[in-house]
Amino acid sequence: MSLAIPNGLDNTEERPGQRAPLVLGDTTYHDITETVCRVAERPPGAGWFAGFLVAFALLNLLGVCIAYLIYTGVGVWGNAAPVFWGWPIVNFVFWVGIGHAGTLISAILFLFRQEWRTSINRAAEAMTIFAVACAGTFPGIHVGRAWLAFWLAPYPSLNLWMWPQFRSPLLWDVFAVSTYGTVSLLFWYMGMVPDLATFRDRSKNKWRRMAYGILALGWSGSSRHWMRYEKAYALLAAFAAPLVLSVHTIVSFDFAVSQVPGWHTTIFPPYFVAGAIFSGFAMVLTLMVPARSMLGLEKLITIRHLENMCKIILATGSIVGLAYGTEFFIAWYGQVPEEQFAFLNRALGPYWWAYLTMVSCNVLSPQLFWFKKFRTTPILIVIVCVFVNIGMWFERFVIVVTSLSRDYLPSAWSYFTPTWVDWAMLIGSFGLFFTLFLLFCKLMPVINMAETKATLAKQYHMAHEHE
Amino acid sequence: MSNENSMSDDNNTKKVHGTVAEYESVDALLEACRRIRDAGFTKTDAFTPFPVHGIDTALGIKPTKLPWIALAGGATGLTIALLMQIWMNGIDYQYIISGKPYISLPAFMPVAFELTILLASFGAFFGMWALNGLPKFSNPIFTDPRFDRATDDRFFLYIDAKDDSYDQAGAEKLLADTGTEYINTVVEDDSPTQIPKFLITTLVTVIALSFIPALILARMRVTTSSQPRFHIFPDMDFSPARDAQQTTTLFADNRAMRPDVPGTIARGEMEEDLDYLTGIKMESLALQQVNKDRQLVALYPQDEKASSDTAAEQADAPEKSVMDTTPWVETNPVEITADFVKQGQAQFNIYCSTCHGRDGRGNGLVHQRAQQIMASSWIPPASMHQETLYADQYPDGKLFSTISNGIRKMPGYAGQIKVRDRWAIVAYVRALQQSQNASLNMVPESEQETIRTRKAEVERMLAEQAEAEKKKEEERAKQAEQAQ
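Residues numbered from 1 in each chain as written. Chains lettered and ligands numbered in written order. Predicted model: local features only at pLDDT ≥ 70, side-chain atom pairs only at ≥ 80, totals over all residues.

Topic: the overall build of chain A
- Counting secondary structure elements, chain A contains 16 helices and 0 strands.
- Every one of the 467 residues in chain A was classed for burial, and the buried ones make up 51%.
- Long-range pairs, those at least 24 residues apart, make up 82% of the contacts in chain A with a sequence separation of at least 6. (Helix = DSSP H or I, 4+ residues; strand = E, 2+ residues; numbered from the N terminus. Buried ≥ 20, exposed ≤ 12 C-beta atoms within 10 Å, placed from the backbone. Contact = placed C-beta atoms within 7 Å.)

Printed below as a string of structure tokens:
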């Protein structure tokens, strides 16, 4: 059972005619089980508790802010004429974008048979769900009367006597994000069931066994079940792949279908999707690099995995940069004065600092990934990815705020200033995200054991062929 | 095979479900699968920690019909989405959006796409569990003591007792030849199958408790009490919106009714030309060029201080105020008809007569009252019947502007009286002025006789009144004498 590289942790070298191993060391099936299950089975360490306390405190901050908002009204935000889509929508688009990497890794890389996805897809999918949960919070409270948010649904209302307006992108958005959330949840849960069965079978404690037993739905690992399961997985992947692309496309319609200069552009759908994948991968890496070393998963999430993700960040970051340039070209080429003004104002107007942050974080910083040193050194990866996260938040800020603050009517122009509630909610949404993620790390299988074992089986097979 | 012996007692009493064998590697399992398939067993299964490729042929598993379920789900989603949108927006509640057809398929595509994906995913997800017969928490194979490793690193092969060729000894013998080290008989699981009672109790209690806050709120909202009823969102129930004459804390001047923004014209009022709206000949004004901005500002005096400031600034030409240099519209731009003048009369009587009096002599009720209480800051309203206000010295446009913007104590009436009505008042004032200096031959001949008769009647009436007064006076004087 020897592998191409027995104990080294560097699998980034390309060897002609040979696939690089994705599971390192003298790892056996049981080792994979042990490595992953240990994360959940051993009691949480001080680091976890510290992180959880901070995250949970921030989550409570979010909860208090939402209660304050609902009780007082949306005036507690900085949203005011003409910028009625302030930070809540910025945060919504930011989180939805982050939520794109998980399903992309699970679905699109699965369809392209990229096997390096196997050890990162679980955590990335979990991240997707948590990011969508953060994203869904903001439009929910942004409707003003949050307890009436169900009016968005097409139900036969006895109070309103009317139906939703299906020609509005805002309604498409409701359908797109909720479908995306639901399908991602199904996909994530379905992928987890065999691993939950492993958790169940390893549980010594009766209650633990019962809880995981219920979640595992009685999974036995039957080959007949596996066959249907794999078919269902492939189908879900095939459905989720266009779904991922559609969601941020529809989110971009919220802007592109309107008449606001700087929003009304056909480049928005592809540009938003590239940006979403870009930010999603950056967030995956930001979480995965520390998690991998803290949870002892270096042999399963290898440097090669990280490097591949860095390459995707480089590619999508460059697409985003190209989109920024194209917007300016089209504004000049289109010869619409309002459009030209909108873009000049974006780069040189009162929000020049936001535009500068966006461009330097999103376009310049990922260019460092041209160097292998940056792609393979975990700490450098995290630093670049944090910059990308910041840059992508600013991208949404730039799009939402600069266009609205100076549109057709100069007498209505004004400068947007966030309130403390805006700040607290943005920070609090990270609390929600990290609370869920830390709970996930402790309670659920952070790596897809079944798929990683299948990858290992293939690796054994190849190793035998080469002998 | 020690386990087998130790469990043989149980096996005699419990129902046998089948036989299971354990393997260490995928290759060994696949080899064993082929062996039992070739031996004619069909009710077989393998249990593996990950999907093993090639096992479907090795075991003879038929392809699944799951894709059809997903297809059916997708088709249902598409149909529901299209019917829903066509019914809701195209038929039952029609929205007019940019003049597009009510049933506009391109706009319905996004939701149709999402619902297709959603229901197809439901089909794949729930269809898979249904076809697999899961969730099923009680499975005889779980009774096997080593079976926990089926989700870890071991591979199990299972022959079901329901298979036609199954007999326990034969199956064991066949499996023993396939390189396994562990063979066991799978028996009935006799552990309790009910959901533990305390779980149900806990669940029911939690659900019941979760209703309590909502019930308390509902009770507070519907029951009677001596206190004012509880409001969850008081500022939503009691809007800070006010009626026109009320006060509000939302604005510094505490007025709920907001004055016009200076220099603005309401929507829909720009349809007429500026001369008509302001009473000023705009073209001539533009030609004057001198202090144009200052003139325009001065035309709309917001308060006395502002206008006095302007006046002070013009100290170099004190005798010529803006009011004199402005090129006023000379004649009423509206065609004068009897109806139009009557309309002006009605408006004059409503808005102007309170101060200026119905006859325009400046002796209205407000003025009388001001004299009665001897109001010190009161400036008497102008009489319409002075030569400086006649059309040759005070053009129609200037009069219109005064009505609109006010003068001295008089406020502007632009907010209350419509533009056309203000011009009507101008027309009526002109008629009023003429009425005091008119000669009989200004009236059409057909009307002259009527007026003569009427004049005679009035004169006679006045004479009678004077007579009656005189008599009363005399009687009063007599009574006074008698009393003395």
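After presenting the structure, the write-up continues.
Some details on the sheet that holds strand 1 (residues 16–23) of chain B
Residues and elements named next belong to chain B.
- Strand order in the open sheet formed by 4 strands is 2-3-1-4, with antiparallel pairing between adjacent strands. At either end of the open sheet lies a strand with only one pairing partner, and these are strand 2 (44–47) and strand 4 (182–187). Direction aside, neighbouring strands of the sheet carry axes that sit 25° apart on average.
- Two strands pair when backbone bridges link them, and strand 2 and strand 3 (residues 155–160) are joined in this way by 4 bridges, in the antiparallel orientation. Counted as the bridge partner of Phe47 is Phe156 from strand 3.
- Of the strands in this sheet, strand 1, strand 2 and strand 3 are in contact with helix 3 (residues 26–38), which crosses strand 3 at around 15°.
- Packed onto the sheet, helix 7 (residues 168–176) meets strand 1, strand 3 and strand 4 and runs at close to 10° relative to strand 1. (Pairing = 2+ DSSP bridges. Axes fitted to C-alpha atoms, helices over the stretch in contact; angles between N-to-C directions.)

Observations regarding unusual backbone geometry
- The amide bond that connects Ala81 of chain A to the next residue, Pro82 of chain A, takes the cis arrangement and shows omega of 0°.
- Tracing the backbone through its elements, the reader meets Pro82 of chain A in the loop between helix 2 (46–72) and helix 3 (87–98).
- With an omega of 0°, the peptide bond running from Leu134 of chain B to Pro135 of chain B counts as cis.
- Phi is positive for Ser98 of chain B, which is not a glycine, with a value near 55°.
- Of note, Ser98 of chain B is situated in the loop between helix 5 (66–92) and helix 6 (105–132).
- Note on Ser98 of chain B: 7 C-beta atoms within 10 Å, which makes it exposed.

Some thoughts on the interface of chain B and chain A
- Across the boundary between the two partners, chain B contributes 55 residues, which contact 51 residues of chain A.
- Put simply, the parts of the chain that give the side of chain B that touches chain A at least two residues each are strand 2, helix 4 (55–59), helix 5 and helix 6 of chain B.
- Considering every element that reaches the side of chain B that touches chain A, the biggest residue donor is helix 6 of chain B, with 17 residues.
- Within the side of chain B that touches chain A, the residues separate by chemical class into 37 nonpolar, 9 polar and 9 charged. (Nonpolar A, V, L, I, M, F, W, Y, C, P; charged D, E, K, R; others polar.)

Notes on the confidence of the model for chain B
All names here are of chain B.
- When the pLDDT values of chain B are averaged, the result is 82; 89% of them are 70 or greater.
- Note that pLDDT drops below 50 for residues 1–11; the model gives that stretch 9 contacts with residues more than four away or on any other chain.
- Within the model, pLDDT remains below 50 along residues 310–318, and this stretch shows 4 contacts once partners closer than five positions in the same chain are excluded.
- Interface confidence for the predicted complex, given as ipTM, is 0.89, next to a pTM of 0.73. (pLDDT = per-residue confidence, 0-100.)

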